[in-house]
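Results of the structural survey
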Amino acid sequence: QVQLVESGGGLVKAGGSLRLSCAASGRTFNTYSLGWFRQAPGKKRVFVAAISWSGTATYYADSVKGRFTITRDNDKNMMYLQMNSLKPEDTARYYCNADPADVVELVLREGDFWGQGTQVTVSS
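Residues numbered from 1 in each chain as written. Predicted model: local features only at pLDDT ≥ 70, side-chain atom pairs only at ≥ 80, totals over all residues. Heavy atoms only, no water.

Time to look at unusual backbone geometry. Look at Asn 77: it is not a glycine, yet its phi comes out positive at around 55°. With respect to the element layout, Asn 77 can be found in the loop between β7 (68-73) and β8 (78-83). A relative accessible area of 16% places Asn 77 in the buried class. Not every positive phi belongs to a glycine, and Glu 110 is a case in point at roughly 75°. Residue class for Glu 110 comes out partly exposed when judged on its relative accessible area of 26%. (Helix = DSSP H or I, 4+ residues; strand = E, 2+ residues; numbered from the N terminus. Buried < 20%, exposed > 50% of the residue type's maximum accessible area, 1.4 Å probe, protein only.)

Here it is, written out as structure tokens:
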């Protein structure tokens, strides 16, 4: 089983940038597909971005495409989400997600393992 811990959230102005990090503990997740989901108050959790275990395939929600970049460093058991040109509608709690299945499955149905989330707030 993999344990995930997010960090890097905070309060920024619209147009600003943040980099979220997701660190594995307990076990490595080199072979896992990874992704980011977010949930705003009163809203359902939605997909943001995902990356295959090798890092060669990435997927993004239309709402963040061109602004967010997902990467991973398997040697360090880390995943990152670089968020640029942030908008108030990006305000949400962001969750790291992992699953041993194909990355497309993670995009479609969410993975099995979650972190505790990190809050991102974008002011207008």
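So much for the structure itself; the text now carries on.
Looking now at the sheet that holds strand β1 (residues 3-7). The strand order across the open sheet formed by 4 strands is β1-β3-β8-β7, and the pairing between neighbours is antiparallel. Pairing within the sheet leaves two strands with one partner each, and these edge strands are β1 and β7. Each strand of the sheet is rotated relative to its neighbour by a mean of 15°, with strand direction disregarded. Judged from the 6 bridges that link them, strand β3 (residues 18-25) and β8 form a sheet pairing that is antiparallel. What sits directly across from Ser 21, in β8, is Tyr 80. (Pairing = 2+ DSSP bridges. Axes fitted to C-alpha atoms, helices over the stretch in contact; angles between N-to-C directions.)

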